[in-house]
Structure formats: structure tokens, C-alpha cells
Amino acid sequence: MTRRDPQFVIATPPFAKRAVDTPAIMRHVIYALVPVMIAAVYFFGVSALLLIAVCTGTCMLLEWLLTGRGNLGNSPVRDGSAAVTGILLALTLPPGLPLWMAALGSAVAIVFGKLLFGGLGQNVFNPSLTGRAFLQACFPVALTTWSPQGGLGAFLEMRGDTLALPLLRPVFDGISAATPLARMKFESEPTDLGALLFGTIPGSLGETSAILILLGGAYLGWRRFLNWRIPVGIFGTVYLFASALNMIDPGRFTDGLHHLLSGGLVLGAVFMATDPVSSPVTPRGMWLFACGIGVLVILIREFGGLPEGVMYAILLMNAATPLIDRITQPGIYGAVDHRAGRGD
Amino acid sequence: MTQARTFRHGIHPAEHKALTAGRLIERIAFPDEVILPLAQHIGAPSRPLAKPGDKVYRGQIIAAEGGFVSVPLHASVTGTVSAIAKHHHPNGSLADAFVIEVEQNSPQTLYDEHATDWEEMPPSALIEHIQRGGFVGLGGAAFPTHVKLAIPEGKHARWLLINGCECEPYLTSDHRIMLEWADSIFLGVRVLARILGAEKSFIAVETNKWDAIKTLVSRIPADLACELVPLETKYPQGAEKMLIKAVLDQEVPSGKLPIDVHVVVQNVGTVAGIGDFFAFGQPLIERVVTVTGPAIRRPTTLLVPIGTRLSNILEHCGGLTEDAREILFGGPMMGTPQQFLDVPILKGTSGIVCLTEEQVKSRQEYPCIRCAACLDACPIFLNPSALGSLARTARYDEMMDYNIMDCMECGSCSYVCPSNIPLVQRFRVAKGVLREKQARGKAA
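Residues numbered from 1 in each chain as written. Chains lettered and ligands numbered in written order. Predicted model: local features only at pLDDT ≥ 70, side-chain atom pairs only at ≥ 80, totals over all residues.

### Points about the interface of chain A and chain B
Tallying the contact residues gives 37 residues for chain A and 49 residues for chain B. Across the side of chain A that touches chain B, the residue classes tally to 20 nonpolar, 11 polar and 6 charged. (Contact = placed C-beta atoms within 7 Å. Nonpolar A, V, L, I, M, F, W, Y, C, P; charged D, E, K, R; others polar.)

This is how it looks when you write it as C-alpha cells:
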């Protein structure tokens, strides 16, 4: 009898493995966001660039400090999810937001939104939106002060109070503009759909150009890095619900297309609601989740006090995710219908 | 021909079949010694009849079946029994096995006790005869063939399904059998269909083997109710349940067998073997084995006497490369890793896959990000994501609510998982624990 040959490893099948791993998925999400970030910098200049850098940097730095024990080699920050959180948070912020607020929001996003739950995969709520909700609650004025766009020529112009010192009351000067949703809600004045599609409108960094976000989403959907059911479900529900309301009373309710393309809906549906950690895993659960978001968005936008409701809609449905998963377990192959066996 | 049918979900791993698909089946020289374990099949081990010192002939029964769910064992060579002793078994254990020293300069002619006039025999006698031939499923599971043919009271078989999918990457033995031994296959189909009284037989082949499909279609005997069904190339298309879904659009109810939906499934290699058995009386004493992978110097498809040592085969194929780190019996998705080079080829050994360092190195595990790729891969429509997190914390009882016992361990979930979570490995442990618990519950 021979001794075990040390040349051979003890392992268990399967030995075939798909090449894509979790850090690769995060990398591809970042690639898909690059065009959106470039557009943000084009529209809002150096302010946007600084916001993205500060949010991403804060998230990554804090995750490293709080988990890696100083050793970068095995720090979870290397999986790239903290960078995604930072970028996504930045894209939800108004371009003129003071950087210290952005850093504070990023800290809340990564610490309270993710690490306190146990890190990647454990959080209930989308970390970026957790951070943004915190900022919205603390600095409602700063979070709803939108500066107008400029092209490349205005690159070096600071929009608003980017460099304001912490905790000093920021001075908002005259250069603020209303977002399409606010104009619609408070002035009943619709915005041209073409402008919405290409993003030549005031808004947060990433809610401006619907078409670039959709392109990024289409890329991720094609590579199967995000689940198409969620954005499709949200767009479908928002469009149908809004159109139905619009049909009932066109004077009071905005039409479906305007709802689809304005505000944070496209960014939220494509990049936030599809965050796999905080959304359901079952196919039917995804549809339910998406419909819930769509209905809540329209309810908040049309009947609530705020012009925009995507963030709260997603966060609320995040909370419902464990329940949705439990009640939408897939019917297995060869499922035996237990009701059929009842003796009667 | 119509569009290739399939089942829902599943995965598309790299096939790697070109290494051996184009090579003719090659007969290996008889080794100096063969090792024949008594337990090569599912069910009771065979009971030894021959004793050390006995001269045995190629094809002679040397161990009787150990019960109904069991088959006899035949000498795969002419020679002398040198011992019945513990020997390394490919499943990792030490198990009783015949050691037969092969007679030098022997013609190795077949010990002819099995030739029959099958058309005259009633089905029950045919079933017994197949058991006497030592036949088990050659696709890998090694379940005794006659047990599947003995239809329980109150059930009947309408369809005979011949499995030529060979969905595991690398393996091409069934592919070669279909190309080279079509007549044996059709004779086997004829015998089995007669035993079952089946209305119709289907031979299901994945479309990555068009040459085999064309060959078989051109050779179907006119008087045989047999249809070739091309299936999409997808793993695990060859799993019984997936096959029945794809070909007949039927689902085997959870916990039931194919016969409950009036189907009997047999592997195409088994059917060819049965064909040969009825044609010229050769019992299951040799089989086709794909020897392949990047870590073997000369990949090929071999016809090997059962009991041939792995080391003999590797030597025949030019030896391993420097970076060889794993040898599997079976394919890379569900095969069994081997630790010793002196293990014998069994009746159920469909392939020997030699992998390199690069292919078996452990990958960093990340937390589950609930990406749902595993749900989209699972052919049984389980929720491996939820099952995985329950298994990680050993909450095995709760896994029952998520139908863990329906998992067939195909490994599709582990294959797609971007976080490299060893899902199917954990499920195997969980199922073992749960099965033990159930057995204890019954005993108490």
C-alpha cells in the first residue's frame, strides 16, 4: 500500500469555476459609472470632481481603518464595494454641497450603513442611501440647493459652498436653480423630455443624464452583473401608475414619461435598487420589490410634501426585503402540492 | 430536425472536449494485475465465490450478487486470484477487493457462459440475465441496471430514455461510443424496450455532438420506435430529472423516481454494453474511459479492463505533467478526487481528468452579496443563497424548509458564485447530517 502522493491536493468538486468574482463585479459597476461621473464633472466642474473624490476616499479610508487593522493585504476595502458606496453617494448629492458634509455623509454610509451590520453582504439598507438620508435629515437646505450647469468653460468655478468650513452656516448666494421635479411640483412647469434624457438640467451629480445611466445599466445587465428585473419593474410601475393618475386628472398629475426621466429615478432604479445585498434574491421577490418602489415613488412625488421620493421608496423596500424573500421562495422542480394530498 | 430542447436554468462551463473527442477508442494492453473491489455499485457488495489460488477466466463470475440491489462481479482478465484483501478504493476508503494476477501469454478469450437467444426469453428472465451480466449505470452513478428495469407492481414504463448527453466538461467516452458502436446501442435499446414494454425510445444527445446525432439518426433500424432528440448543450443536462424535463416536459415529483412519470432512463454506454452482452455474451468486464485534462501528456479515450490500476493508465497516456495537482474519477463538476495512483478503474469510472495547479488552487472566499446568480443557475430552483447562509451557521434543520434534500449536488451554484462560497460542499455536509438524523429518528 502506497502513501498518499504529496503531489495531489485534497479538495472537493466542482473544479470548474466561472471566472467572475465579487471584486470583479464591483469593478464593472465602477466602469459602468465612469460615463456618469464624466458627465457630472462636465456639467458641474471641479465641485463634482471634489465631491466624488471626497465621498469615495472617505468610504474607503474608514473601511480600511475600521476593519483591516492597518493591513491593506487582507482588508475588505480591496473588494471595491466601499468605493462603489462612495461613488453612488456622491452621485446623489447636489453639486454645491460643502465637502465636509459629503465626508460626514460618507462616514455615516460606510459605518452605520454597512460596517455596523457586519460588513459586505450583511446590511439591510443600501449604504449610500443611508448616508444620503442622514444628510437630508441634517442639512435639508444644503441638500436641496441646486446649482445650474456650466460646460467645460466653467470647470474651475466652484458651485456653491464646496469649500465651506465645517459647521459654519453656509451662505447660499443667488446661484441656485430648481430641479425639474421641483418646478413641476411647485410651479406646475414641465421640463423638456430631451433635456431630461441628455441631462442638461439642474440636479444632483448623477440624476442629470438619464441616457448615460441607462447605458451603464444596460452594460451591467448584459454582463449579468445586475438583475434587469428590478429596473424594468420600477420603470414599468412608475410609468403605468403615473400615466393612470395623469389620465384621471392631467391638470394635477404629471405624465408618466416626465416621472420616468426626472429626478433620481433612473439612477435609483439602475444603481441603487439593484444593490444585490439590500434587494430580494428570488425572481418573484424582485418584481414585488420593484413594484413597491414604483408605487411609493409616485405616492411620495404626487401626494407627499417632497418633490422627490426615490430614496425613501428604496429604503422602505430595503426594509421589506427579508420578508419578501421569505414569502416568494421559488417553487422547486417537481414540487409536490401538499394540498393535493389532504384527505377529503 | 427541430430546435434543441432543454430545461430551465443550468450553466455553461467551458467544455474542453476537443482534447479527446476526435480520437478513436483505443484498447489498452492487459496489465500484469487487476484489482476488483467487491463494492463497485450502489447497493450490497458482491459475495466472493473464487478463492485465492483459483484460476479464473475472463468473463467468469467470481463473486455473486449480495442481494436484489446488487450485481455479480466478473473476472476482467484470465489469471490467478492472488488475494482477496483490503485495497484503496476510488471513493477514498479501504475496501475488500480481488487481486488477480494476469496470466502471461494468455489469449484472453472470453469465458463463454452468457450467450443467449434473447428474443425467446420472457422479460423477467431478461432482467435476471442483465443482472447476471453485472451491469450498472456506466454514467458514473453505478446503480444496478436490472433494478431500474424491474418495474414495481402498479407502475408501468411508457418511455425508455437513453442518456447520451455527457454534460460534464472534458468527458467524451459516451460521445465516442455513439460514434463507433451505434449498432450495439440499437440492439441494447431493442432489448430494453422489449423488457419494459415501452411505447417509444428516445436517445437524447447534446448538440455539441452533432456528429454522433447524425451517425445515430442514419443508423436507426427501420422497425425500431426510436427517436433522436438533440438537446441544448448545458450542464447538468445529463441529470435524470433535467433529461426527463427536456425530452418529455415532465417533472419527476420531489422524492419520487422517473418510473413515477412512466420513464426509465439508461446511460448510452450501459445500453451499448447490454447490446454487446446479448450479441456475443460479454458481461461488464471492460469499459470506455476518457483520460484527459491539461495535466496528462497524451489525452485519449481508452477501452480498459475493469480493475486496471490508475498508474497503468497514466503510464499508457505518457504520464502526468509537472504541474499536475489533481486526478479526478469522473468529470470536474461531480468527480471524485484521487489520492493514490494504485486505485483501480471501477465499473462506474467514466473518465480520468487530470488538472493542473492553476485549476485547483483555492480561491479567496468573499461574503455572500446576494447577487442571486445561484438561484438563476440551480436546475432544481432551490435558493442556494439562503441555504448557504443557513449551512454556514449549521442551522441544518431550517434547511429542510428550503428543500435541501432535493439538491442533487450538481455544483452549478458553486460554479457561478462570485464570492467563491463552497456552496455544494456545505450542502453535502448538511445532507449527510440530516440523513443521519433521520436514520436515528427511525431507529428510535
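Moving on, there is more to tell.
### So, the domain arrangement of chain A
Residues and elements named next belong to chain A. For chain A, the domain assignment lists domain 1 (23–177) and domain 2 (179–327). Domain 1 puts 34 residues into the contact, and the matching count from domain 2 is 30 residues. Counting only elements with at least two residues in the side of domain 1 that touches domain 2, the list comes to α1 (22–67), α2 (81–91) and α4 (127–138). At 13 residues, the largest contribution of residues to the side of domain 1 that touches domain 2 is made by α1. A breakdown of the residues in the side of domain 1 that touches domain 2 according to their chemical character gives 25 nonpolar, 8 polar and 1 charged. (Domains from an automatic or database assignment. Helix = DSSP H or I, 4+ residues; strand = E, 2+ residues; numbered from the N terminus.)

### Focus on the confidence of the model for chain B
In the predicted model, chain B carries a mean pLDDT of 93, and 99% of its residues have values of at least 70. Here the prediction assigns the complex a pTM of 0.90, and the interface score ipTM is 0.87. (pLDDT = per-residue confidence, 0-100.)

### Focus on the sheet that holds strand β5 (residues 61–64) of chain B
Residues and elements named next belong to chain B. Strand order in the open sheet formed by 3 strands is β3-β5-β6, and the pairing between neighbours is antiparallel. Of all strands in the sheet, those bounded by a partner on one side alone are β3 (47–48) and β6 (73–74). Note: β3 against β5, 2 bridges, orientation antiparallel. Opposite arginine 47, over in β5, you have alanine 64 as the bridge partner. (Pairing = 2+ DSSP bridges.)

### A few points about helix α6 (residues 210–219) of chain B
Residues and elements named next belong to chain B. For α6, the set of buried residues is Ala212, Ile213 and Leu216. Down the axis of α6, the buried set is contained in an arc of 100 degrees. They therefore lie on one face. Away from the buried face of α6 by more than 90 degrees, exposed residues Trp210 and Ser218 are located. On its buried face, α6 is in contact with β9 (159–164), α4 (173–180), α5 (182–196), β10 (200–206) and β11 (226–231). (Buried ≥ 20, exposed ≤ 12 C-beta atoms within 10 Å, placed from the backbone. Arc of directions from axis to C-beta.)

### Quick notes on the confidence of the model for chain A
In the predicted model, chain A carries a mean pLDDT of 85, and the fraction of residues at 70 or more is 87%. pLDDT under 50 marks residues 338–344 of chain A. Its contacts with residues more than four places away, or in other chains, come to 0 contacts.

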